[in-house]
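Secondary and tertiary structure notes
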Amino acid sequence: MATPVLTAAGMRAAEQAVIASGVPEYELMERAGAAAAEIIWRAGGLRDTLVLCGPGNNGGDGFVIARLLRARGVPVRVAALGDSRTSSAIQARAAWAGPVEAFNDAEPAAQLVDALFGTGLARELDDGIAAQLHDLVSMASHSYAIDLPSGVETDSGALLSPVPHFGMGIALGALKPAHLLFPAADRMTRLVCADIGIAANSSICRLAPPSVYAPGTEAHKYSRGLVAVVGGEMAGASLLASHAAARSGAGMVRRIAADAYIGGPDAIVTDFAKTATEVEHSLQDKRLAVVLVGPGLGRNKDAQARLDVVLKSGHPLVLDADALNILGEIGIAHLPQQAILTPHEAEFTRLFGQLPGSKIDRALDAARRSRCVVVYKGAGTVIAAPDGRAAVASHGSSWLSTAGTGDVLAGIVASRLAVMRDGFQAACEAVWLHGEAARRAGAAFIADDLIERLPEAIASRL
Ligand SMILES: NC(=O)C1=CN([C@@H]2O[C@H](COP(=O)(O)OP(=O)(O)OC[C@H]3O[C@@H](n4cnc5c(N)ncnc54)[C@H](O)[C@@H]3O)[C@@H](O)[C@H]2O)[C@@H](O)CC1
Ligand SMILES: [K+]
């Protein structure tokens, strides 16, 4: 099941709905503290523990955690950053029977619990607070960020001040964008989400592993989807994309190109098309399920003419790389509806300019403007649909930062679209399979290795 992602405001609204149904706010704090204490107990056992409590409800959670860990026999100290300022936090502090040290004087412990700030962080931490938090976290063998690491901006994942690396992030009630978006996501080696009985409904989710279906017994190559990859100046990129498409479930892949490149899998047929008119002729095949253009296309006049016939072909499209660069020059008004666009950061900016908000906001805005599914690539890839759905892929392999992996992703997207016809779902499946193939390829792989891992990645989700 997809895990919902809530912004700070969305979380407050969900909390208010539960409170309106008759659950006191303090009860929610007790639930949050109990869930977090259970996770910490399981991971850290009887280690010496220091709980850092801030002035708001995040600090209140900290007092509950301290009390419950101590009740289990864990040696716990609490250090607070001033007085508690909310009624629930005051209540939680009163229920903690032990002493409260000053934050600035707190000595390190083997286990560190950061309950300084959560979704209510309004600005950067003072230098002294950030430095003390950093020292205490780095001296602990086990460290936990309650709800969020203190110092990260909930909705964007930006670091408002320097934030140390925590062993674990314990999200309360629902994931927030900062749990998945970089650089914040990188500050938690592990991430768990504690259920506190809040119904978290959201059109934004963490990218979930897909359920992939094997072809039916009646299937044949055309029913499984015929993908055309329109090539251009660089044969290698369109070959990589074609090969990736062929290994991702499509029934047949046809490369439409002007080069006479021989090599690559024999299963991929190359249609020799020297001119845009010849490309147009090849695209008249009614059996085509999807056309991919962009990898290796180039940006010269001939590339523009090829792109033009693809845009007018009437087929479902996947547009990547140079197709996006050309569109950045001629404008997105030329886009047909319901294509899938796969821009990396620079291509995204060329297409849509500097949009405001988080990476999720920008992807959703771009999807609405273009009326296309947008796969906004990079660390923390965001897939967004014009109807407001978004999925965020976190913790992809950083080894993907090598030549040709974008061409491979574009090929997988085209293939999954040919198989299932739903753009958003196809893009989500493709991003997941790409990430899984990378995980299986290990370290220092090249784009070609990734393709070889795709059948295993698909088999793992059958
Ligand atoms: N929303 C929910 O459903 C629940 C929220 N809970 C907890 O409540 C948290 C949110 O609580 P709050 O809204 O009280 O917010 P926080 O506890 O995150 O912080 C708010 C407090 O910090 C101060 N502050 C903000 N930025 C500061 C800075 N840079 N330096 C110094 N002070 C600063 C504010 O003036 C305010 O007093 C969540 O992260 C979670 O831990 C849980 O108790 C239970 C359920
Ligand atoms: K925190």
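Position labels on residues start from 1 in each chain and follow its written sequence. Think of it this way: whatever chain is written first is A, whatever ligand is written first is 1, and the rest follow in order. Local features in this predicted model are restricted to residues of pLDDT 70 or higher, and side-chain atom pairs are both shown and tallied only at a pLDDT of 80 or more, whereas totals for entire chains, interfaces and linings draw on every residue.

As recorded in an unreviewed UniProt entry, the chain goes by the name Bifunctional NAD(P)H-hydrate repair enzyme, listed as coming from Sphingobium baderi. UniProt positions are given in the numbering used here, feature names are shortened, and annotations may be inferred rather than shown by experiment. Quoted verbatim from the Subunit (unreviewed entry) heading of the UniProt record, the comment on the chain is "Homotetramer."

Right, let's get into the overall build of the chain. Looking only at helices and strands, the chain has 14 helices and 17 strands in total. On the principal axes, the C-alpha backbone points of the chain span a range of 80 × 40 × 40 Å. Counting other C-beta atoms within 10 Å of a residue's C-beta gives its exposure: the residue is buried at 20 or more, exposed at 12 or fewer, and partly exposed in between, where C-beta atoms are placed from the backbone. Residues counted as buried form 53% of the 462 residues belonging to the chain. We call two residues in contact whenever the C-beta atoms placed from their backbones are within 7 Å. Considering only contacts in the chain between residues 6 or more positions apart, those separated by 24 or more positions represent 72%. Secondary structure counts use DSSP, requiring at least four H or I residues in a row for a helix and at least two E residues in a row for a strand, with both numbered from the N terminus.

This part is about the sheet that holds strand 5 (residues 142-146). We call two strands paired when DSSP finds no fewer than two bridges between them. If you walk across this open sheet you meet the seven strands as 3-2-1-4-5-6-7, and the pairing is parallel. In the strand order of this sheet, the two ends are held by strand 3 (100-102) and strand 7 (188-194), each with one partner. Averaged over all pairs of adjacent strands, the angle between strand axes in this sheet comes to 25 degrees, irrespective of strand direction. Axes, fitted as lines to C-alpha atoms, cover a helix only where it is in contact. Angles between the N-to-C directions of the axes lie from 0 to 180 degrees. Sitting on the sheet, helix 2 (residues 25-44) is in contact with strand 4 (111-115), strand 5, strand 6 (166-172) and strand 7, with an inclination near 135 degrees to strand 7. Seen against the sheet, helix 5 (residues 127-138) touches strand 1 (49-53), strand 4, strand 5 and strand 6 and runs at an angle of roughly 145 degrees to strand 4.

Consider a residue and the seven residues that end there alongside the seven that start there; fitting an axis to each set, the bend is the angle between those axes. The largest bend in helix 14 (residues 447-459) comes to about 35 degrees, at Arg 453, with the proline Pro 455 one to four residues further on. Among the residues of helix 14, Ala 447, Leu 450, Ile 451, Arg 453, Leu 454, Ala 457 and Ile 458 are the ones counted as buried. Where helix 14 is buried, its residues contact helix 6 (235-246), helix 12 (405-420) and helix 13 (423-441).

On to the nonpolar core. Residues Val 227 and Val 413 are the most contacted members of the largest nonpolar core, which totals 159 residues. With eleven residues, the single largest contributor to this core is helix 13. Note that domain bounds follow an automatic or database assignment of domains. When residues are assigned to domains, this core turns out to be shared by domain 1 (8-202) and domain 2 (226-459), each giving three or more. Once residues lying within four places of it in the same chain are set aside, the contact partners of Val 227 are Ala 245, Ala 250, Val 253, Ala 289, Val 290, Leu 292, Ala 414, Ser 415 and Ala 418. By definition, a nonpolar core groups buried Ala, Val, Leu, Ile, Met, Phe, Trp, Tyr and Cys residues that connect through C-beta atoms lying within 7 Å of each other.

Turning our eyes to something else, we now look at the domain arrangement of the chain. Assigned domains of the chain: these are domain 1 (8-202) and domain 2 (226-459). For domain 1 versus domain 2, the distance between C-alpha centres works out to 41 Å. Each residue gets one of three labels, nonpolar for Ala, Val, Leu, Ile, Met, Phe, Trp, Tyr, Cys and Pro, charged for Asp, Glu, Lys and Arg, and polar for the others, Gly among them. Split into classes, the residues belonging to the side of domain 1 that touches domain 2 amount to five nonpolar, two polar and one charged.

With their axes 8 Å apart at the nearest point, helix 12 and helix 13 run at an angle of 135 degrees to one another. With respect to helix 13, the axis of helix 12 lies oblique. Considering how the two elements wind past one another, helix 12 and helix 13 form a crossing that is right-handed. Packed against helix 12, whose contacting residues are Val 408, Leu 409, Ile 412, Val 413, Arg 416, Leu 417 and Met 420, the element helix 13 presents Gly 423, Gln 425, Ala 426, Ala 427, Glu 429, Ala 430, Leu 433 and His 434 at the interface. A per-class count over the contact of helix 12 with helix 13 returns ten nonpolar, three polar and two charged. Geometric relationships in this document are graded by angle, where less than 35 degrees denotes roughly parallel, more than 145 denotes roughly antiparallel, 65 to 115 denotes roughly perpendicular, and other angles denote oblique. Crossings are assigned a handedness: left-handed for a near helix turned anticlockwise from the far helix by less than a right angle, right-handed for a clockwise turn.

Turning our eyes to something else, we now look at the pairing of strand 4. Counting buried positions over the five residues of strand 4 gives five, a clear majority of the element. What you see with strand 4 is no split at all: Gln 111, Val 113 and Ala 115 on one side and Leu 112 and Asp 114 on the other are buried throughout. Bridge count between strand 4 and strand 5: four bridges; the pairing is parallel. Looking across to strand 5, one finds that Val 113 is bridged to Tyr 144. The definition of a right-handed crossover adopted here requires that, viewed with the strands pointing away, the path from the first strand over the helix to the second runs clockwise. Note on the crossover from strand 4 through helix 5 to strand 5: the handedness is right-handed.

Our focus in this paragraph is the sheet that holds strand 15 (residues 373-376). Spatial strand order, 8-17-16-15-14-13-12-9-10-11: ten strands in an open sheet with mixed pairing. Two strands in the sheet have a free side with no partner beyond their single neighbour: strand 8 (204-206) and strand 11 (269-272). This element, helix 6, spans strand 9 (226-230), strand 10 (252-257) and strand 12 (288-293) of the sheet and lies at about 165 degrees to strand 10.

Looking now at helix 4 (residues 87-95). Side chains that are three or four residues apart share a direction in an α-helix, a result of its 3.6 residues per turn. By the burial criterion, the buried members of helix 4 are Ser 88, Ala 89, Ala 92 and Arg 93. Buried residues along helix 4 cover an arc of 135 degrees about the axis, so they all sit on one side. In helix 4, the exposed positions angled more than 90 degrees off the buried face are occupied by Ser 87 and Ala 94. Tucked into the core, helix 4 has its buried residues touching helix 2 and helix 3 (57-71). Regarding the arc, it is the one traced by the directions from the helix axis to the C-beta atoms.

In this entry, near means the residue's backbone-placed C-beta atom lies within 6 Å of the molecule or strand. If you check the shell around ligand 1, you find 31 residues, and the closest are Glu 15, Gly 56, Asn 57, Gly 118 and Gly 120. Sorting the residues of the shell around ligand 1 by element identifies helix 1 (8-20), helix 2 and helix 3 as the ones contributing at least two each. Of the residues that constitute the shell around ligand 1, the class distribution is 13 nonpolar, eleven polar and seven charged.

Following both chains from N to C, one finds helix 3 and helix 4 inclined at 20 degrees, their axes separated by 8 Å at the closest point. The orientation of helix 3 with respect to helix 4, classified from their angle, is roughly parallel. Between helix 3 and helix 4 lies a crossing of left-handed hand. On helix 4, the residues touching Asn 57, Gly 59, Gly 60, Phe 63, Val 64 and Arg 67 of helix 3 are Ser 88, Ala 89, Ala 92, Arg 93 and Ala 95. Residue composition of the contact of helix 3 with helix 4, grouped by class: five nonpolar, four polar and two charged.

The omega torsion across Phe 182 and Pro 183 is 5 degrees, close enough to zero to call that bond cis. Take Pro 183: it is sitting in the loop between strand 6 and strand 7. Phi at Asp 147 takes a positive value of approximately 65 degrees, unusual for a residue other than glycine. Relative to the assigned elements, Asp 147 resides in the loop between strand 5 and strand 6. Judged by the 27 C-beta atoms lying within 10 Å of it, Asp 147 falls in the buried class. Unlike most non-glycine residues, Ala 444 shows phi in positive territory, near 50 degrees. For Ala 444, the position within the fold is in the loop between helix 13 and helix 14.

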